[in-house]
Structures are given as C-alpha cells and as structure tokens.
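What follows is each chain in one-letter form.
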Amino acid sequence: MSSGVEADGIVAAAVILPVAAAYGAGWLAWQGGKLLIEANRAVDRQIAEKKRQLEEAARHRKMAAISAHSQLVDMCSQILSQIETGSNTRSIASFAEIEQLKYDLTSICKEALPDDTAQIESLTSLGYLKLDKVVQQQSQIAAMTMSETETGLYRGLSVADLMDDIRLVVETMSVHATDGQNVAAANPDVLERAKLNEEFSHITAEIMEALETVQFLSSTYGLTASGSAWFHSCFNGIDMQIEVLCRPTTSNQELKKGIRRLRDALDQYETMAPSIENDLKRMGALYKVYVDASRALGEVVVDIKAFKSASELEKKLRYLQERAKKAQECAEIYKKLGPAAYMCYAWDQELRTMGYEVHSRKKISEMARSKPVRAKVGEDKLPFYEWNNADLTQLYSVSSQCALQVIVHDDGSVSMQTIAEEESEDVVYVQRSHCSQLSALHENLRKNWFILYDYEETESPEVIKTVAQWRTTEENAWRTPGETVITDQRAKSKEADKTKRMQ
C-alpha cells in the first residue's frame, strides 16, 4: 500500500438501475415463487425409445459381427504361424495341401472389412466355412492350442473349441439375416443366443439413453460432485462390460449373467436419476437467477459446481435477497444525490466510521490559504467541497500530524493522498497504518454502498508530502493565482515514464 492511491470506482447495477433491469425477470419470478423449471425432456418418449432400440440393435449386431470376424482372423493368423514353423503339421499329407491351406488362411487374414453389417456377416460366414472344412479334414489343426491374448480372450482354448463359439455366432447371424423367419432348423443354443442378443440390444439401448441424459445434464447444468459420483458408480466400466459380452467366446450363460449385471446397473441409475435430474434442473434455473443477482449486487460469481444441491443454492439466493434490500436503501440515496454526490457521501460515512475526523472549513482554509466552496445538490450541502471542474474533495485528520485528502472525480474514480505538517518518522508510521486499512475500507464501500473499486498505489508510505508542497503544486486546484508553483516532481516523473513507454 501507499500514501497515494488511485482507484477506479463503479456503482453496482442494483443501486443505479430499476430492479427488473438490474436483476432480470428470473429474480422477480423467484421472489414471487413463480420460477419456471424446465419441463421433462422426454416428449414423445415412446417413439424416441423405439428408435433408440432399433439403432442399438443395429449397433450391437455390427459389433458382434466385427468381433466374430476379428476372432476368426486371429485364429487363422495363429494357425498359419504354427504351420509355417512346422509345428503340429505332420499329419498334413502333402506339400500342395499345406500350400493351399496357407493360401486360404492368408486370404482370410488379408480380406478388407466392409462397413455394411450384412457384408461383414457374410464375409465371416464364408471364412468360417473355409476354416471349418480344414478343421474337419485335419485333426491336428483342430487340436492346436491358441495363444492367450492380452485381454485373456482365448484362455488357452483349442481351435475346435473356438470354432464352436464362432459357429454359434455365425448361425445366430443367419437368424438375424432372415428376420427370425427361418428358425426351425436352428438348434436351441442358436435360438437362445438370438433371444439373448435381442435382450442385450434393448438393455444397451436403455444404458446409452441414460448416458446421454447424464451428458446432457452435465453440459447444461453442471453435475454436482455427489451427482457425478452417483452416476459414475452406476456406469463405471460399462463400455468394457458391453464389449466383452459382444465377443464370440462369451457363452450364452455368461451373456445371461452379463445382461443381468447391466440391468442391475440400470436399475440402480433409475432409482435416483429422476430426483437428481429434477434437482439439477431446479439448480439450473436457480443458478441463472443467482448469476444475474450476484452481478447486479457486485458479488463474486462462483461456479455452479460449488453448490452441492438446489437447496444450498437457494440459501445463497436468500442471502442475496437481504443484500438486495440493502441495495434498495442505497438506491434511494443515489437517486436523491446523483452519482458523484453518492460516492462522496459513501466515502465520508466510511472514513468517519474508521475514526477519521473531517477537517473544519477553517482548518482547510488555513492549509490551502483559500476559501473552499461547499458542493451542493440542489439546495442541500454535501460533506465535500468543489475541487477542479466537476471533481469534489474533502480532507480528514488521520492524526494530529497528518491529513488525508480524498478527491472524487466526475468519472467515478477516486484519488487519495496523505498530507503531513512536516517530515518525520512518526508521519511515516501514521501513513503505514493508514495504508494497512485501505483493503478493509474498500471492502466496506462494496459491502455497505455497493461501490466496487480496483485500486493501485501511486506512492509508498515512506514518501511524505508536506502541506507547503501540497499547497503550491500544480495539481492543487485551490492554489492562489500568481503564487509561485513548486512542480510536483513525482507527477512529472510519472508523466515522463508514460511518454517514454508510448514512444
């Protein structure tokens, strides 16, 4: 802090504007108990849900087809590797058969995967038939053990075991391809798989809708920490669970258990989701009211995530409601006095509260060797004097040795400087003490008068300006005409520095 301060001042909108303009319509609606909360988003919910189920069924079918083809390619790749190293190929009759087998396996591994689901299924079915023919003819290949993948996909199963898994998936694909019309020839496992796949696609569709709802709530209102933790507990690791259940190596029994786990997760979500969603929607509506009111009152706006619930946000609004009552009292004073006079009045009240005594007119006249003119609003006198142009000023006693001049400029900014009878260590101590209270002074102006300041020091507390120096500087609007001017070197130095920066 310093013995010289410049501060830009703004009076909060709650004081200078009508209530509706300052706070917004939401504030008036909340106060009247008529704040509108967003209606449920689930308009035409049944149509949207059916569309989601169809989309998810198609997505699930494609995921299953890609997963089956991926497993087929990986099996062919591993078989090819074992053949090329000469492992387990003694029973293969001739060189020509080996070369043909290698060619067939390589063609399966290198075939490009189309984007269309039906084409992927067809490609997988053809590849399966080729490999199945080889396995039927070559028992050594059927007995080959596949290496376990990083995800534990094969778990050391034989080719024959894995072929059974793929067969189940391929036959289920044929049921999908005929829309369930040609199911008489399908065995019970295939029929069960088709039914489980349908159930699986429905539950994943519901989960995807739930996750979209969570994303909507998060982006629109901002999830609270507790809400985020709850949703995370419901769906943590859900993507991996769905991916595993799409694999051909997942048995019908495992798929049943997996669907049950997904249903449990969704049930857990649905027990709390409506109340959390309603609370967040209320928070969203209240938060907008809070933001508008805080800005109108000059309060710091905090993020919505700082509030744990709508009730906590409403508690903050009730605090702002009390602040608004205080602001209305200030607005009446502002309306009567006008901008400059209002700021003068506020400063005078707070400085007096701090214990600073206003200088008498006689004391000021002795200091300035001039008779100051009292500022007025209409016929009412202000606790300030006319200074320069539209600026107003007043002087206060900081101590018996030191005075404080406050100048309120017509643009709302304020200048302060201490003026000492003479230079001494005691004056430096007084100035330091004064500067230590500036933060509290500006906070009180915000709290009690809704005047917001961003201030900076212009002189340190160690710099002393005496009455004699103050009286004869160029900046003194009360300086006697014709009196010798003592140039304020500090002002000159600051102006020089400013000019140098601009060059």
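In this report, we go over the structure that sits alongside the text. The structure presented is a predicted model; accordingly, all values stated were derived computationally and were not measured. (Residues numbered from 1 in each chain as written. Predicted model: local features only at pLDDT ≥ 70, side-chain atom pairs only at ≥ 80, totals over all residues. Heavy atoms only, no water.)

Some thoughts on the packing of helix 10 (residues 225-235) against helix 12 (residues 252-297)
The N-to-C vectors of helix 10 and helix 12 enclose an angle of 160°; their axes lie 9 Å apart at closest approach. Here helix 10 is positioned roughly antiparallel relative to helix 12, judged by the angle of their axes. At the point where helix 10 passes helix 12, the crossing takes the left-handed sense. From helix 10, Trp230, Phe231, Ser233, Cys234 and Phe235 reach across to helix 12, where they touch Ala265, Leu266, Gln268, Tyr269, Thr271, Met272 and Ile276. (Axes fitted to C-alpha atoms, helices over the stretch in contact; angles between N-to-C directions. Helix = DSSP H or I, 4+ residues; strand = E, 2+ residues; numbered from the N terminus. Parallel < 35°, antiparallel > 145°, perpendicular 65-115°, else oblique. Left-handed = near helix turned anticlockwise from the far one by under 90°. Contact = heavy atoms within 4.5 Å.)

A few points about the pairing of strand 3 (residues 374-377)
Examined bridge by bridge, strand 3 and strand 4 (residues 380-386) share three bridges and lie antiparallel to one another. Paired with Lys376 across the two strands is Lys381, which belongs to strand 4. Hairpin connection between strand 3 and strand 4: a loop of two residues separates the two successive antiparallel strands, and Gly378 in this loop has a positive phi of roughly 65°. (Pairing = 2+ DSSP bridges.)

A closer look at the packing of helix 12 against helix 13 (residues 310-337)
Across the interface, helix 12 lies against helix 13 with an axial gap of 9 Å and an inter-helix angle of 25°. Comparing the axis directions of helix 12 and helix 13 gives the class roughly parallel. Helix-helix and strand crossings are classified by hand; for helix 12 and helix 13 the assignment is left-handed. Contacts between helix 12 and helix 13 involve Asp279, Arg282, Met283, Leu286, Tyr287, Val289, Tyr290, Ala293, Ser294 and Leu297 from the former and Ala310, Leu313, Glu314, Lys316, Leu317, Leu320, Arg323, Ala324 and Ala327 from the latter. Of the residues belonging to the contact of helix 12 with helix 13, the class tally is 13 nonpolar, one polar and five charged. (Nonpolar A, V, L, I, M, F, W, Y, C, P; charged D, E, K, R; others polar.)

Comments concerning a negative patch on the surface
A cluster of acidic residues, Glu6, Asp8, Asp410, Asp411, Asp454, Glu456 and Glu457, forms a negative patch on the protein surface. Sorting the residues of the negative patch by element identifies strand 1 (4-11) and strand 8 (451-459) as the ones contributing at least two each. With three residues, strand 8 is the single largest residue contributor to the negative patch. Mapped onto the elements, Asp8 comes out in strand 1. When its relative accessible area of 53% is taken as the criterion, Asp8 is described as exposed. (Patch = residues over 30% accessible without salt bridge, like charges linked within 9 Å, V, L, I, M, F, W, Y side chains within 5 Å. Areas by Shrake-Rupley, 256 points an atom, 1.4 Å probe, with all protein chains shown as cover. Salt bridge = Lys/Arg side-chain N within 4 Å of Asp/Glu carboxyl O. Lys, Arg positive; Asp, Glu negative; His and termini not counted. Charge placed at Lys NZ, Arg CZ, Asp CG, Glu CD. Buried < 20%, exposed > 50% of the residue type's maximum accessible area, 1.4 Å probe, protein only.)

Remarks on the packing of aromatic side chains
In the structure shown here, the tally under the stated rule is twelve aromatic pairs. Between Tyr287 and Tyr290, the ring centres sit 5.5 Å apart and the planes meet at 35°, which makes this aromatic pair tilted. Of this pair, Tyr287 and Tyr290 both sit in helix 12, separated by three residues, roughly a single helical turn. Given a relative accessible area of 0%, Tyr290 falls into the buried group. Aromatic rings pair up to connect Tyr334, Tyr342, Tyr345 and Trp449 into one cluster. Looking at Lys326, its charged tip hangs above the ring of Trp449, at a distance of 5.9 Å from the centre. (Phe/Tyr/Trp six-rings, centres within 6.5 Å; stacked < 30°, edge-to-face > 60°. Lys NZ or Arg CZ within 6 Å of the ring centre and 35° of its normal.)

Quick look at the nonpolar core
Core analysis: the largest hydrophobic core is formed by 83 residues, its most contacted members being Tyr23 and Trp347. Per element, the largest residue contribution to this core is 19 residues, and it comes from helix 12. The residues touching Tyr23, leaving out its near neighbours within four places in the chain, are Ala14, Asp292, Ala293, Ala296, Leu297, Ala324 and Ala327. Listed in part, the 22 residues of the second largest apolar core include Ile79, Leu105, Met144 and Val159. (Core = buried A, V, L, I, M, F, W, Y, C linked by side-chain atoms within 4.5 Å.)

Describing the pattern of salt bridges
Going through the model one piece at a time under the given rule, you end up with twelve salt bridges. Taking the shortest distance from any N to any O, the salt bridge between Lys363 and Glu421 comes out at 3.6 Å. Linking Lys363 in helix 15 (residues 361-368) with Glu421 in the loop between strand 7 (414-420) and helix 16 (425-436), this pair joins segments that are 58 residues apart in sequence. Among the residues examined, Lys363 registers a relative accessible area of 30% and is labelled partly exposed. In this structure, Glu443 and Arg446 form a salt bridge, with 2.6 Å as the shortest nitrogen-oxygen distance. Here Glu443 pairs with Arg446, and both are found in helix 17 (residues 438-449), just three residues apart, close to one helical turn. One continuous salt-bridge network, built from bridges that share partners, spans Glu299, Arg323, Glu443 and Arg446.

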